[in-house]
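A closer look at the structure
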Amino acid sequence: MSMATRKGAQSPALHAADSHDLIRVHGARENNLKDVSIEIPKRRLTVFTGVSGSGKSSLVFDTIAAESQRLINETYSAFVQGFMPTLARPEVDVLEGLTTAIIVDQQRMGADPRSTVGTATDANAMLRILFSRLGQPHIGSPNAFSFNVPSVRASGAITVERGAKKTVKATFSRTGGMCPRCEGRGTVSDIDLTQLYDDSKSIAEGAFTIPGWKSDSWWTVRIYAESGFLDPDKPIRKYTKKEMHDFLYREPTKVKVEGVNFTYEGLIPKVQKSFLSKDKEALQPHIRAFVDRAVTFTACPECGGTRLSEGARSSKIKGINIADACAMQISDLADWVRGLDEPSPSSSSREYPMVAPLLTALLQTLDSFVEIGLGYLSLDRPSGTLSGGEAQRTKMIRHLGSSLTDTTYVFDEPTIGLHPHDIQRMNDLLLRLRDKGNTVLVVEHKPQTIAIADHVVDLGPGAGTAGGTVCFQGTVEGLRAGGTVTGRHLDDRAALKETVRTPTGTLEIRGATAHNLRNVDVDIPLGVLVVVTGVAGSGKSSLVHGSLVNGSGAAGGGVVSIDQGAIRGSRRSNPATYTGLLDPIRKAFAKANDVKPALFSANSEGACPECNGAGVIYTDLAMMAGVATTCEECEGKRFQASVLEYHLGGRDISEVLAMSVTEAEEFFGAGEARTPAAHRILDRLADVGLGYLTLGQPLTTLSGGERQRLKLATRMAEKGGVYVLDEPTTGLHLADVEQLLGLLDRLVDSGKSVIVIEHHQAVMAHADWIIDLGPGAGHDGGRIVFEGTPADLVAARSTLTGEHLAAYVGT
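1. Considerations on the state of the cysteines
Per the counting criterion, the structure on display carries zero disulfides. Summary of cysteine pairing: C608 is not part of a disulfide, and the nearest cysteine sulfur, belonging to C611, is at 3.8 Å.

2. Some points on the side chain of E67
Among the secondary structure elements, E67 is positioned in helix α1 (residues 56-73). A distance of 2.8 Å separates polar atoms of two side chains, one belonging to E67 and the other to R70. Residue contacts for E67: discarding those within four places in its chain leaves R89, P90, L95 and L98.

3. Here we look at helix α6 (residues 241-249)
For an α-helix, 3.6 residues make a turn, and residues three or four places apart therefore share a direction. Of the positions making up α6, those classed as buried are E243, D246, F247 and L248. Along its buried surface, α6 packs onto α5 (221-225), β10 (260-264) and α7 (267-276).

4. Here's the deal with the nonpolar core
With 71 residues, the main nonpolar core has L127, L130, L333, W336, M396 and F411 as its most contacted residues. In this view, L333 contacts L127, A325, M328, L366 and L379; residues no more than four positions away in its chain are not counted. Formed by 69 residues, the second largest nonpolar core is a distinct cluster that contains L582, L657, M659 and L740.

5. Some details on a nonpolar patch on the surface
Where nonpolar side chains cluster on the molecular surface, the patch consists of Y76, F79, V80 and F83 and spans about 450 Å² of accessible area. Y76 gets classed as partly exposed once you look at its relative accessible area, which sits at 39%.

6. Some details on the layout of surface pockets
A probe as big as a water molecule, rolled over the atoms, marks out the empty space that is left. When its volume is computed, the second largest pocket comes out at roughly 520 Å³. Forming the boundary of the second largest pocket are 28 residues, of which P447, D492, R493, H760 and Y808 lie nearest the centre. Where the lining of the second largest pocket is concerned, the elements lending two or more residues are α14 (420-435), α15 (447-450), α25 (734-749), α26 (761-766) and α28 (800-809). Its residues placed into classes, the lining of the second largest pocket shows 13 nonpolar, nine polar and six charged.

7. Overview of the environment of Y409
Its place among the elements puts Y409 in strand β14 (residues 408-412). Accessibility expressed as a relative area gives 0% for Y409, which makes it buried. When near neighbours in sequence (up to four residues on either side) are disregarded, Y409 contacts I102, H399, S402, L433, N438, T439, V440 and L441.

8. As for the packing of α6 against α7
Their axes nearest at 4 Å, the elements α6 and α7 cross at an angle of 10°. In this view, α6 runs roughly parallel relative to α7, as classed from their interaxial angle. Of α7, the residues touching α6 (which contributes F247, L248 and Y249) are L267, I268 and P269. Counted by class, the contact of α6 with α7 contains six nonpolar, no polar and no charged residues.

9. Some remarks on empty space enclosed by the protein
Here the structure, examined in full by the defined rule, presents five cavities of 30 Å³ or more. As for the largest cavity, its lining consists of 19 residues, of which E413, K446, T729, T730 and H760 are closest to the centre. Considered class by class, the residues forming the lining of the largest cavity number five nonpolar, nine polar and five charged.

10. Describing the pattern of salt bridges
Per the stated rule, a full pass over the model turns up 31 salt bridges. Across the salt bridge formed by E243 and K234, the nearest N and O atoms sit 2.9 Å from each other. Classification of K234 as partly exposed rests on a relative accessible area of 22%. The partner of R250 in a salt bridge is D246, with the nearest N and O atoms 3.0 Å apart. What emerges from the salt-bridge pattern is a single network uniting K497, R501, D745, D749 and D768.

11. A look at the sheet that holds strand β15 (residues 439-443)
If you trace the six strands from one edge of the open sheet to the other, you get β5-β14-β15-β3-β16-β17, paired in mixed fashion. The open sheet is flanked by β5 (101-104) and β17 (469-474), the only strands paired with a single partner. Neighbour to neighbour, the strand axes of the sheet diverge by 20° on average, direction disregarded. Here strand β3 (residues 45-49) runs beside strand β16 (residues 455-460); their pairing, made up of four bridges, is parallel. Residue pairing across strands places T49 opposite D458, the latter belonging to β16. Sheet contacts for α1: β3, β5, β14, β15 and β16; angle to β5, the most-contacted strand, approximately 130°.

12. Looking at the sheet that holds strand β4 (residues 94-96)
If you trace the three strands from one edge of the open sheet to the other, you get β2-β1-β4, paired in antiparallel fashion. On the outer flanks of this sheet lie β2 (36-41) and β4, each paired with one strand and no other. On average, adjacent strands in this sheet sit at an angle of 10° to one another, irrespective of strand direction.

13. Comments concerning the packing of aromatic side chains
A full pass over the atoms with the stated rule returns 15 aromatic pairs. Seen from their ring centres, F131 and F145 are 5.9 Å apart, and the 45° between their planes marks the pair as tilted. Here F131, found in helix α4 (residues 123-134), pairs with F145, found in the loop between α4 and β6 (152-162); they are 14 residues apart in sequence, far enough to count as distant. Each member of the pair, F131 together with F145, is buried.

14. Observations concerning the packing of helix α11 (residues 330-341) against helix α12 (residues 356-371)
It is the contact of α11 with α12, at a shortest axis distance of 9 Å, that shows an interaxial angle of 155°. Taken together, α11 and α12 sit at an angle that is classed as roughly antiparallel. α12 is crossed by α11, and the crossing has left-handed handedness. Contact residues: I330, S331, L333, A334, V337, R338, L340 and D341 in α11; A356, L359, T360, L362, L363, L366, D367, F369 and V370 in α12. Each residue belonging to the contact of α11 with α12 can be placed in one class, and the counts come to twelve nonpolar, two polar and three charged.

15. Observations regarding α1
The end-to-end C-alpha distance of α1, which contains 18 residues, comes to 24 Å, matching closely the 26 Å that a straight helix rising 1.5 Å per residue would cover. The sharpest bend along α1 reaches about 35° and sits at A66. Listed as buried for α1 are K56, S58, L59, V60, F61, T63, I64, A65, E67, S68, R70 and N73.

16. Considering the confidence of the model for the protein chain
In the predicted model, the protein chain carries a mean pLDDT of 86, and the fraction of residues at 70 or more is 91%. The least confident element of the protein chain, judged by mean pLDDT, is strand β23 (residues 627-630) at 71; the most confident is β3 at 97. Contacts for the low-pLDDT stretch residues 1-9, under 50 throughout, to residues beyond four places or in other chains number four contacts. Predicted confidence is poor over residues 552-556, with pLDDT under 50, and the contacts of this stretch with residues over four places away or in other chains come to ten contacts.

17. Quick look at the pairing of strand β25 (residues 753-757)
Burial within β25 is extensive, with five of its five residues counted as buried. Two elements, strand β20 (residues 529-534) and β25, share four bridges in a ladder whose sense is parallel. Paired with V531 across the bridge in β25 is V756. Pairing geometry for strand β24 (residues 722-726) and β25, over five bridges, is parallel. Paired with L725 across the bridge in β25 is V756.

Reading the values: the criteria
Residues numbered from 1 in each chain as written. Predicted model: local features only at pLDDT ≥ 70, side-chain atom pairs only at ≥ 80, totals over all residues. Heavy atoms only, no water. Disulfide = S-S within 2.5 Å. Helix = DSSP H or I, 4+ residues; strand = E, 2+ residues; numbered from the N terminus. Polar contact = N/O pair within 3.5 Å; in protein donor to acceptor, adjacent residues only side chain to side chain. Contact = heavy atoms within 4.5 Å. Buried < 20%, exposed > 50% of the residue type's maximum accessible area, 1.4 Å probe, protein only. Core = buried A, V, L, I, M, F, W, Y, C linked by side-chain atoms within 4.5 Å. Patch = residues over 30% accessible without salt bridge, like charges linked within 9 Å, V, L, I, M, F, W, Y side chains within 5 Å. Areas by Shrake-Rupley, 256 points an atom, 1.4 Å probe, with all protein chains shown as cover. Salt bridge = Lys/Arg side-chain N within 4 Å of Asp/Glu carboxyl O. 1 Å grid on protein atoms, 1.4 Å probe; cavity = no way out; pocket = protein on both sides within 12 Å on 5 of 7 lines; lining within 4 Å. Points joined across faces, edges and corners; volume = space filled by probe spheres on them. Nonpolar A, V, L, I, M, F, W, Y, C, P; charged D, E, K, R; others polar. Axes fitted to C-alpha atoms, helices over the stretch in contact; angles between N-to-C directions. Parallel < 35°, antiparallel > 145°, perpendicular 65-115°, else oblique. Pairing = 2+ DSSP bridges. Phe/Tyr/Trp six-rings, centres within 6.5 Å; stacked < 30°, edge-to-face > 60°. Left-handed = near helix turned anticlockwise from the far one by under 90°. Expected span 1.5 Å × (residues − 1). Bend = angle between axes of the 7 residues up to and from the residue. pLDDT = per-residue confidence, 0-100.

This is the structure:
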């Protein structure tokens, strides 16, 4: 009997355990937060918004989620903690009511050559079990279908101590699925020897053309010259067959050079270990350019790029092997698995009852991919090729079927890379996580996602030092009436252009077939703002990057491509070092004081000797969390005291690095400190809306949107007739989009052609020309469904993009 029907029953008093329904934050000071105090309701969907750099990530990720993870790590033994990343306690006075935080961020998945969409989720593991049970012929355990497991055979003798000692002959074998030729990578590399050395010269004459290989280096050139295997004064083209083998392919061999032991090995394996075994994206730009020139990757001829051994490919279920299954579009694979789970035509019973639970679990995972808008991917897609938004949604897959409740899910702009048509599905997933009894915290700019929030926290009012305070918290309706920057711009709608620019020419793409493109022919107008759009997976990036950027050069001096690739940089890197701004600043200081420029680098001669120019001293406390303390010698300024005695325009180098871009732009624009080279770079930083950043702020503290715009400002200096931007509104607040549109207009008006891959309706409305791909994703896309002006697209409403753009502009 319920409490309501029990006669004379009083309403039960609230249980003490049910009173903990808030996450309380008091005195948060992480990064630019200014003593923020806030209460966030549990088991609700809370959206954090505000201009880029206002402190959203500092509050949600660096304070709430970071402290939750730190406290969980402390529950493990000291031994286990020694193997875990050390997390410092966030700068906050009080944090109460925390629950376990699960962070689903935009960090791209590792670019390991053996990591795929299937291995990054449970889908591949379940498929391997399925084929090991049902595949014909039967070839072995699930390992036999794994391209990460090599086949191993061994034999020998073992001694068994059982009474009298006996020696027993034993053999061991393990059947793995790895292709022996490419070792599970799917590609084999071929090295162009002409890029490694000039065979008309001898080693002594400087034959090597490999970056960083200097004639006085013991580890590279000297060991070849003095190993005794080669004549250093003989031109390489005159080497005998044996000398050539020793030069290129010799196995590692111990040699003694001038009394010191070294390991000599052939040039090919040495180059492979030095350059090819590393993540290409992590290499320095000039090294990456060398690898691009010297190495070609082709599909493995033995496995056809499937990564799997012949045995793994021979075992099939209903005519499909595991390589075929992984190559299918996930939506098609789900249909195939569904067919296995259905009763056979001849009877009402299932054909494979012994694996019914496995089929159900696999189907649930595959359907989650489709539901989340990733049905166009395949399980063999390398995880390193996923965009930030695709990677984030792939990580979500493992949480959708989770039995956990009362946890805190933290999302960083989950709608990135999503067409307006797909955003509603993402909203439904966020609400489903909330309805299971979880707290969902979302950092977001899109009005469609802000609209479904139970609670909104708006940070600002500005960015950087002008932000870091809570401007509003409450309902969405309250935000609209609140008068904050977000509230004022929430219902902004960009209008269609009354007149569009006239193209100055066209860029022809013919027969484009990259990925899912269907022999596409398209003429891209030059001298105007072109927006390429379509649902996620429709072929936008394949068309622009595959056919234009990586294809033949464009008119007017080539293509400058600004993609969403992550910025690589340590905690010593900052906007001044990344953009090259520090070089003219150092030279200006050196010229004004008649000293060496190296003195004004915190990574060179001018560095504080105590902290080596880091500004802080990191103390490793072994099993406990490490501690970073401000260097007492330089007081965090990073430079020697003697360097700070040199001034330019009345400021020392540490004071200049503490300036914001806006302050520095004024400082280097006139007077004694006038430095045109520095001023040009600062102008570009201000143009992309980064005027609030300080020159010396570590790159590791920048938000995703700030990093993208920093890259844009840097690449704008390059000479090129065509600029290609990949979703430049990523991480941009509604108020910042208007500034971005102004920047795009200035680029076009200066004579450039600008091509933008974008989902944001404001950018579409502002375009001179739209190319819409679709109609769907994967094999349902890859075709041009519309070419023309935004006004024509809205009038026709013949595509999903047209319908959403028409609704956006209110026609």
